[in-house]
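Given next are the chains, with one letter for each unit.
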Amino acid sequence: MNQTNSAACIEPRWLAELAASDGPSSLRDAMRTHSGLDIENLHSLAIVGAAPEGRRLARICEAEGVGIDAIVDDDPAKRDLLVAGLRVAPVQSLTALPKSTPIVIASHRVLRVTRRLRALGFTCVVPFALLQVLAREVFSPHMFYANLLDDLWTHRSEIAALHECLADDRSRQVLQAVVGFRQTLDSAVLQPVVTEHDLYAPEGLFEFAGDEVYVDGGSYDGDTIRSFIARVRGRFSDVYAFEPDPVTFAKLTENFRDEPRVHPIHAGLYSHGGSLRFRDDASRGAIFAADGEIEMPVTTIDDVLGDRRLTYVKMNIEGAEIDALQGGRTAIQKWRPRLALSIYHRASDLWRIPQLVLELDPDYRLYLRQHDGGIIETVLYALPSPKNASSTR
């Protein structure tokens, strides 16, 4: 299939195609055919993105003797940087290249730039992820893409079961699109279901009350807290903001120094308290490892909140969501808060996190939304049944 002719709407076929596949090798062959990229005879390419993943791709190309026709990025801070001996140029400068030039997007957010480049006439526009999945021995996979097709195939029955558990048609369409994207890595498959606004609190799915107690796992500098406060117009009880990185935590604390209802906590959420070591290569994600160079404090929802009420939990914590849910088991089972959970950091998060949520409380209703055009921002929303919600708030 030519990648420029992808379906304009979601067809309920991707789970069926997955079930009919002969295995991961068959899925790789189909992905290769869909992309139109001949990796075995890839002599040169152009790179979009000069952030860490783009620089990593450039280093691999240099080591493997793959020519780099251009490196482009529209971020003014990266303009004129030297990467692999090339000066970073604006994306529009790619128009000087032949339209058959393979264009590789070194970003997890790929939909908008893919549409832009295809509109300019480029016939082979792919994400860096495609190289990582199809030639993983050369292009070491970021943790988002590690074992992507293997997990998809091995756990196709669990993914099919998730499809049956979802509470509305929109969620089922999103799952079909997410599975289709993982089979093709073509962001056009996601386009019909992407909702970029209302991340972690989609309008129409649920409404906040005036006395919310919000646990924010992965607070960064408080960006999602600011969105929450705006959404509730300043009416809430408490926010518990968890951020393990010391530099980012300092910004978080400063940003809410005049708001006593926001409680910054210098720790990540996990299954138990203490400290964990991370290996962070600035491009492939933070990964727990005994020999990691970074040590960060961790704690649990249960330890911090004790018997205190909570109504809303958001987690975007670099693949630690399952452990953090385990660490909040008592509070979640007691208070049945709404949950907004990132389910994309590891391939298996797509089905393992929903499984765990239903283990914690089988009465949760599960919804799926896609908030960006790429592997990231696939969010599971778990809402308590109306009866349970009214009895615990």
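Provided above is the structure to which this section pertains.
Small disclaimer: the values here were computed from a predicted structure and weren't measured. (Residues numbered from 1 in each chain as written. Predicted model: local features only at pLDDT ≥ 70, side-chain atom pairs only at ≥ 80, totals over all residues. Heavy atoms only, no water.)

### What to know about the overall build of the protein chain
When helices and strands are counted, the protein chain shows 15 helices and 17 strands. Here the C-alpha radius of gyration of the protein chain, 22 Å, is about what a compact globule of 393 residues would show, namely 21 Å. Referenced to the eigenvectors of the C-alpha coordinate spread, the extents of the protein chain come out at roughly 60 × 45 × 40 Å. Within the protein chain, the fraction of its 393 residues that count as buried is 56%. Of the contacts made within the protein chain by residues no fewer than 6 positions apart, 68% connect residues no fewer than 24 positions apart. (Helix = DSSP H or I, 4+ residues; strand = E, 2+ residues; numbered from the N terminus. Rg over C-alpha atoms; globule rule 2.2 N^0.38 Å. Buried < 20%, exposed > 50% of the residue type's maximum accessible area, 1.4 Å probe, protein only. Contact = heavy atoms within 4.5 Å.)

### Some thoughts on the sheet that holds strand S5 (residues 103-105)
Ordered by their spatial adjacency, four strands build an open sheet running S2-S1-S5-S6, and the pairing between neighbours is parallel. Every other strand in the sheet has two partners, leaving strand S2 (67-72) and strand S6 (125-127) as the edge strands with one partner each. Averaged over all adjacent pairs, the angle separating strand axes in this sheet is 25 degrees, with direction ignored. Judged from the three bridges that link them, strand S1 (residues 44-48) and S5 form a sheet pairing that is parallel. Residue pairing for S5: Val 48 is matched across the bridge by Ile 105. On top of the sheet, helix H3 (residues 52-64) reaches S1, S2 and S5; it is set at about 165 degrees to S1, its chief contact. (Pairing = 2+ DSSP bridges. Axes fitted to C-alpha atoms, helices over the stretch in contact; angles between N-to-C directions.)

### Digging into the pairing of strand S14 (residues 312-315)
By the alternation rule, side chains of S14 split into Tyr 312 and Lys 314 and Val 313 and Met 315, which are all buried. Here strand S7 (residues 213-217) runs beside S14; their pairing, made up of four bridges, is parallel. Within S14, the residue paired with Gly 217 across the bridge is Met 315.

### Some thoughts on the side chain of His 34
Examined against the element boundaries, His 34 turns out to sit in helix H2 (residues 24-35). Side chain to side chain, His 34 and Asp 186 meet in a polar contact 2.9 Å long. (Polar contact = N/O pair within 3.5 Å; in protein donor to acceptor, adjacent residues only side chain to side chain.)

### Notes on the packing of helix H7 (residues 156-165) against helix H14 (residues 349-360)
Two measures define how a pair of helices packs: the angle their axes make with one another and the distance between the axes. It is at 9 Å that the axes of H7 and H14 come closest, and there the two elements cross at 55 degrees. By the criterion of interaxial angle, the relationship of H7 to H14 is oblique. As for the relative orientation of H7 and H14, their crossing is left-handed in sense. Contacts between H7 and H14 involve Glu 158, Ile 159, Leu 162 and Cys 165 from the former and Leu 350, Trp 351, Pro 354, Gln 355 and Leu 358 from the latter. When its residues are assigned to classes, the contact of H7 with H14 shows seven nonpolar, one polar and one charged. (Parallel < 35°, antiparallel > 145°, perpendicular 65-115°, else oblique. Left-handed = near helix turned anticlockwise from the far one by under 90°. Nonpolar A, V, L, I, M, F, W, Y, C, P; charged D, E, K, R; others polar.)

### A short note on the sheet that holds strand S16 (residues 365-370)
Across the sheet, which stays open at both edges, the seven strands sit in the order S9-S8-S7-S14-S15-S17-S16 with mixed pairing between neighbours. The open sheet has two free edges, formed respectively by strand S9 (262-265) and S16, since each of these has just one partner strand. Neighbouring strand axes in the sheet, compared pairwise and without regard to direction, differ in orientation by 15 degrees on average.

### A look at the nonpolar core
Core analysis: the largest hydrophobic core is formed by 98 residues, its most contacted members being Leu 131, Val 215, Leu 310, Leu 325 and Val 357. Setting aside anything within four residues of it in sequence, one finds Val 215 in contact with Tyr 240, Phe 242, Leu 269, Ile 301, Leu 305, Leu 310, Tyr 312, Val 313 and Lys 314. By size, the runner-up hydrophobic cluster in this structure holds 23 residues, among which are Ala 201, Leu 205, Ile 229 and Phe 256. (Core = buried A, V, L, I, M, F, W, Y, C linked by side-chain atoms within 4.5 Å.)

### Concerning the packing of H2 against helix H8 (residues 169-184)
Their axes nearest at 8 Å, the elements H2 and H8 cross at an angle of 85 degrees. Taken as axis vectors, H2 and H8 run roughly perpendicular relative to one another. Where H2 approaches H8, its residues Leu 27, Met 31 and His 34 are matched on the opposing element by Arg 182, Gln 183 and Thr 184. Residue composition of the contact of H2 with H8, by class: two nonpolar, three polar and one charged.

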